[in-house]
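Listed below, chain by chain, are the residues.
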Amino acid sequence: MNKVSIIMGSDSDLPVMKDAAEILDYFGISYELTIVSAHRTPDRMFSYARTAREKGVKVVIAGAGGAAHLPGMVASLTSLPVIGVPIKSSNSIDGWDSILSILQMPNGIPVATVALNAAKNAGILAASILGSSNPDIANKLDAYKLELSNKVNEKIKKVAEEYPNK
């Protein structure tokens, strides 16, 4: 089974992190979504990270704002791939604190990091990781990217019709 774990430090992160769930639904990939706070529930975080593989998880998407320790701490406790989603929170420094906290991991504890609030991209990256060994997911990703290309081509036509070359 290809299962992704979507975790976040607080329910205030849900408006961003739901985008990961929605894109995984689109690709037909199962997931679990829950709150795991690195600072407020450290025992839960330790247990969650250490047992994720046993529960069938293949990739972890971890969103966090502010100090944003969740992705890195989870990555230190599991050998599963971890994708960090920096979140611009209410106490954030324009999101830079979150971005740098997730991006600047020490050697030996990698965390893939997507753009600020880019949980959708984290879901697509998780699908790409799973698709590297699952042809069905890979085919869905190829179709998705073709759909993106077709949408751009439609916009190119529309602009050309509105503004023909002179």
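Up top is the structure these notes are about.
Values in this document were obtained by computation on a predicted structure and should not be read as measured data.

(A) Expanded view of the pairing of strand β2 (residues 30–35). Where strand β1 (residues 3–8) meets β2, six bridges bridge the pair, whose relative direction is parallel. Bridge pairing in β2 places V4 opposite Y31.

(B) Examining a nonpolar patch on the surface more closely. Nonpolar side chains collect at one region of the surface, where W96, L100 and L103 lie side by side and expose about 330 Å² of accessible area between them. Looking at the secondary structure, you find L100 in helix α4 (residues 96–103). Take L100: its relative accessible area is 42%, and that puts it in the partly exposed class.

(C) Quick peek at the packing of helix α2 (residues 42–51) against helix α3 (residues 70–77). Where α2 contacts α3, the axes come no closer than 8 Å and their chain directions differ by 50°. On the basis of their axis angle, the class for α2 and α3 is oblique. Where α2 crosses over α3, the handedness of that crossing is right-handed. Contacts from M45, F46, A49 and R50 in α2 reach L70, M73, V74 and L77 in α3.

(D) Just the packing of aromatic side chains, in detail. All told, the structure shown has three aromatic pairs when counted by the stated rule. Judged by centre distance (5.5 Å) and plane angle (70°), the ring pair of Y26 and Y144 falls under edge-to-face. Note that Y26 is positioned in helix α1 (residues 14–27) and Y144 in helix α6 (residues 135–162), a separation of 118 residues in sequence. Of the residues examined, Y26 reaches a relative accessible area of 43% and is grouped as partly exposed. The structure contains a cluster of three or more aromatic residues connected by ring pairs, namely Y26, F27 and Y144. Residue placement shows K55 over the ring face of Y48; its charged tip is 3.8 Å from the ring centre.

Conventions and cut-offs
Residues numbered from 1 in each chain as written. Predicted model: local features only at pLDDT ≥ 70, side-chain atom pairs only at ≥ 80, totals over all residues. Heavy atoms only, no water. Pairing = 2+ DSSP bridges. Helix = DSSP H or I, 4+ residues; strand = E, 2+ residues; numbered from the N terminus. Patch = residues over 30% accessible without salt bridge, like charges linked within 9 Å, V, L, I, M, F, W, Y side chains within 5 Å. Areas by Shrake-Rupley, 256 points an atom, 1.4 Å probe, with all protein chains shown as cover. Salt bridge = Lys/Arg side-chain N within 4 Å of Asp/Glu carboxyl O. Buried < 20%, exposed > 50% of the residue type's maximum accessible area, 1.4 Å probe, protein only. Axes fitted to C-alpha atoms, helices over the stretch in contact; angles between N-to-C directions. Parallel < 35°, antiparallel > 145°, perpendicular 65-115°, else oblique. Left-handed = near helix turned anticlockwise from the far one by under 90°. Contact = heavy atoms within 4.5 Å. Phe/Tyr/Trp six-rings, centres within 6.5 Å; stacked < 30°, edge-to-face > 60°. Lys NZ or Arg CZ within 6 Å of the ring centre and 35° of its normal.

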